[in-house]
Amino acid sequence: MALQGPIPVTFAMVFPHGCYVVGQVEPVKDFDASTNGRFVQSRDKQTSELVWQVAVLDGDPALKPAQKTVAVKILAPVQPVPPQPMPGLPFTPVEFDGISVTPYVNGNGRLAYSIKVREMRAPHQTTAPAKAGKDAA
């Protein structure tokens, strides 16, 4: 089979209604290498890059409340910084690039996905700015 390992996807495929940062970017612990009192940060198995994690709120209105918060893992050599908050919004909108998903069966026997990304950034503008002057009509 040609499809092996993480599956590349687009942001719109994973978060068609957008998503919002609701937690801090934190290092992911390597449970096998860490010992009592000694924290070792996890590295990605394919790239050996450090793994960071941030909680995001999925903007899909059809999701149940328990399904709205998702952990996104970010592969980066240094701790990523979320975009600046937007005035008037309770959460910070965010988009990701270089996304891949890895399906797995969780502890409840249900299909779940691990989401890994290469970059976190502010969303692109989705609507064209209003025209001014003669062209506005």
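Relevant structure appears above.
This brings us to the nonpolar core. The biggest cluster of nonpolar side chains holds 22 residues, and the ones touching the most others in it are Phe15, Val54, Val56, Val72, Phe96, Ile99 and Ile115. Secondary-structure elements contributing two or more residues to this core are helix H1 (11–14), strand S2 (19–21), strand S4 (51–58), strand S5 (69–75), strand S6 (92–97), strand S7 (99–105) and strand S8 (111–117). Apart from the residues within four sequence positions on either side, Phe15 is in contact with Val56, Asp58, Val72, Phe96 and Ile115.

With that out of the way, let us pick up the pattern of salt bridges. Overall, the coordinates contain four salt bridges when judged by the stated rule. We note a salt bridge from Glu49 to Arg118, for which the minimum N-O separation is 2.3 Å. Taken together, the positions of Glu49 in the loop between strand S3 (26–27) and S4 and Arg118 in the loop between S8 and strand S9 (119–121) put the pair 69 residues apart, joining distant regions of the chain. What makes Arg118 partly exposed here is its relative accessible area of 42%. One salt bridge in this structure joins Arg121 and Asp97, with 2.6 Å as the shortest N-O distance. A residue pair is termed long-range when its members are at least 10 positions apart, and Arg121 in strand S9 and Asp97 in strand S6 qualify at 24 residues. Take Arg121: its relative accessible area is 16%, and that puts it in the buried class. The exposure class assigned to Asp97 is partly exposed, which follows from its relative accessible area of 27%. Residues joined by salt bridges that share partners form a network here, namely Glu95, Asp97 and Arg121.

The next thing to look at is the packing of aromatic side chains. This structure, assessed with the given rule, holds two aromatic pairs. The interplanar angle of 40° and the centroid separation of 5.6 Å between the aromatic rings of Phe11 and Phe15 together place this pair among those described as tilted. Overall, Phe11 belongs to the buried group, its relative accessible area being 14%. Aromatic pair Phe11 and Phe96: ring centres 6.5 Å apart, planes at 50°, arrangement tilted. Within this pair, whereas Phe11 is found in helix H1, its partner Phe96 is found in strand S6, the two being separated by 85 residues in sequence. Note on accessibility: Phe11 and Phe96 belong to one class, buried. Taken together, Phe11, Phe15 and Phe96 form an aromatic cluster joined through their ring pairs.

Parameters at a glance
- Residues numbered from 1 in each chain as written.
- Predicted model: local features only at pLDDT ≥ 70, side-chain atom pairs only at ≥ 80, totals over all residues.
- Heavy atoms only, no water.
- Core = buried A, V, L, I, M, F, W, Y, C linked by side-chain atoms within 4.5 Å.
- Buried < 20%, exposed > 50% of the residue type's maximum accessible area, 1.4 Å probe, protein only.
- Helix = DSSP H or I, 4+ residues; strand = E, 2+ residues; numbered from the N terminus.
- Contact = heavy atoms within 4.5 Å.
- Salt bridge = Lys/Arg side-chain N within 4 Å of Asp/Glu carboxyl O.
- Phe/Tyr/Trp six-rings, centres within 6.5 Å; stacked < 30°, edge-to-face > 60°.

These results come straight from atomic positions and should not be treated as a statement about function.
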